[in-house]
Amino acid sequence: FKDSISLKNISFSYKKEKELFTDINLKIKKGESIGIIGKSGSGKSTLLNIISGLLSPTKGEVYVDEHNINKKLKSWREKIGYISQDIFLLDASIAENIAFGVPKEEINFKKIENSIEMAELNDFILDQEKGYDTIIGEKGSKISGGQKQRLGIARAVYNTPEILLLDEATSSLDKDVENKILNTLKKLKGKFTIVLISHHENPLKIVDIAYELKLNKLNKIS
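About the criteria used
- Residues numbered from 1 in each chain as written.
- Predicted model: local features only at pLDDT ≥ 70, side-chain atom pairs only at ≥ 80, totals over all residues.
- Heavy atoms only, no water.
- Axes fitted to C-alpha atoms, helices over the stretch in contact; angles between N-to-C directions.
- Helix = DSSP H or I, 4+ residues; strand = E, 2+ residues; numbered from the N terminus.
- Parallel < 35°, antiparallel > 145°, perpendicular 65-115°, else oblique.
- Left-handed = near helix turned anticlockwise from the far one by under 90°.
- Contact = heavy atoms within 4.5 Å.
- Nonpolar A, V, L, I, M, F, W, Y, C, P; charged D, E, K, R; others polar.
- Pairing = 2+ DSSP bridges.
- Salt bridge = Lys/Arg side-chain N within 4 Å of Asp/Glu carboxyl O.
- Buried < 20%, exposed > 50% of the residue type's maximum accessible area, 1.4 Å probe, protein only.

Peer 1: Whenever I open this one, the packing of helix H6 (residues 145–158) against helix H7 (residues 175–186) confuses me. Can you help?
Peer 2: Running from N to C, H6 and H7 point in directions that differ by 20 degrees, and their axes come no closer than 10 Å. In terms of orientation, H6 and H7 fall into the roughly parallel class. Every pair of crossing elements has a handedness; the one defined by H6 and H7 is right-handed. Along the contact surface, H6 presents Gly146, Gln149, Arg150 and Ile153, while H7 presents Val177, Lys180, Ile181, Thr184 and Leu185. Of the residues in the contact of H6 with H7, the class split is four nonpolar, three polar and two charged.

Here is the structure:
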């Protein structure tokens, strides 16, 4: 990934249903941050899944530089960090949740420290008697919503991706906590290529370019 991600004439429909969107063309330059808003059901998450290669478009293609992502899906997905609205958390330590899927004995604590710094979790860790080894409870029951999202950010950057995809990542938080998380994400601009989707406009304040997915089309709004 040296230059850009290009969506070329992308259309999508589930089976024979009406198309969610039609002939979308979008170029995302490396290091750029873009935001996409739209009502529930407009196809925002579907578009994000097409960018990540989890879904194939009904028509059109996604290119990274000059390469069709379908030709190199595994290597493409390895470049992506994903942050969702509902972070799946284990009843395990902070470190194990950040290095999700990595055997405990193989966790790279240099990468853990870097992830915690980027997610601005340092103060929270320092407040914990057991630090990284603090158990967060089933589904993160022992920590706040904001801390869950910060863990999600830390997990997304643990494997040093090049792209961050955010799927309604702050929509379940109250306004004050959302703004704090958005300020953290704003500091990641330029370090990653960022694509975020939301059903409301507040997250758009941190992006370089904003679009609205409406009536099957993607329209630039700022």
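Peer 1: Which parts of the structure should I look at to understand the packing of helix H4 (residues 109–118) against H6?
Peer 2: If you want to describe how two helices pack, look at the angle between their axes and the distance between the axes. Across the interface, H4 lies against H6 with an axial gap of 8 Å and an inter-helix angle of 135 degrees. Judged by the inter-axis angle, H4 sits oblique to H6. Between H4 and H6 lies a crossing of right-handed hand. Each of Lys111, Ile112, Ser115 and Met118 in H4 lies in contact with H6, whose residues at this interface are Ala154, Val157 and Tyr158.

Peer 1: Explanation requested: the sheet that holds strand E10 (residues 217–220) in the structure shown.
Peer 2: With mixed pairing, six strands are arranged side by side in an open sheet as E6-E7-E8-E3-E9-E10. Strands at the two margins of the open sheet, each flanked by one partner only, are strand E6 (80–84) and E10. Sheet twist, expressed as the mean angle between neighbouring strand axes with direction ignored, is 20 degrees. Sheet analysis places strand E7 (residues 163–167) next to strand E8 (residues 193–198), joined by five bridges and oriented parallel. Opposite Ile163, over in E8, you have Thr193 as the bridge partner.

Peer 1: When you look at the pattern of salt bridges in this model, what are you seeing that I'm missing?
Peer 2: When charged atoms on two side chains of opposite charge get close, those side chains can pair. Under the counting rule described, the total for this entry stands at nine salt bridges. Across the pair Glu168 and Lys44 runs a salt bridge whose closest N-O atoms are separated by 3.8 Å. On the criterion of sequence distance, the pair formed by Glu168 in the loop between E7 and H7 and Lys44 in helix H1 (residues 44–52) is long-range, its members being 124 residues apart. Under the relative-accessibility criterion, Lys44 is labelled buried at 6%. Salt bridges linked by common partners bring Lys30, Lys79 and Glu162 together as one network.

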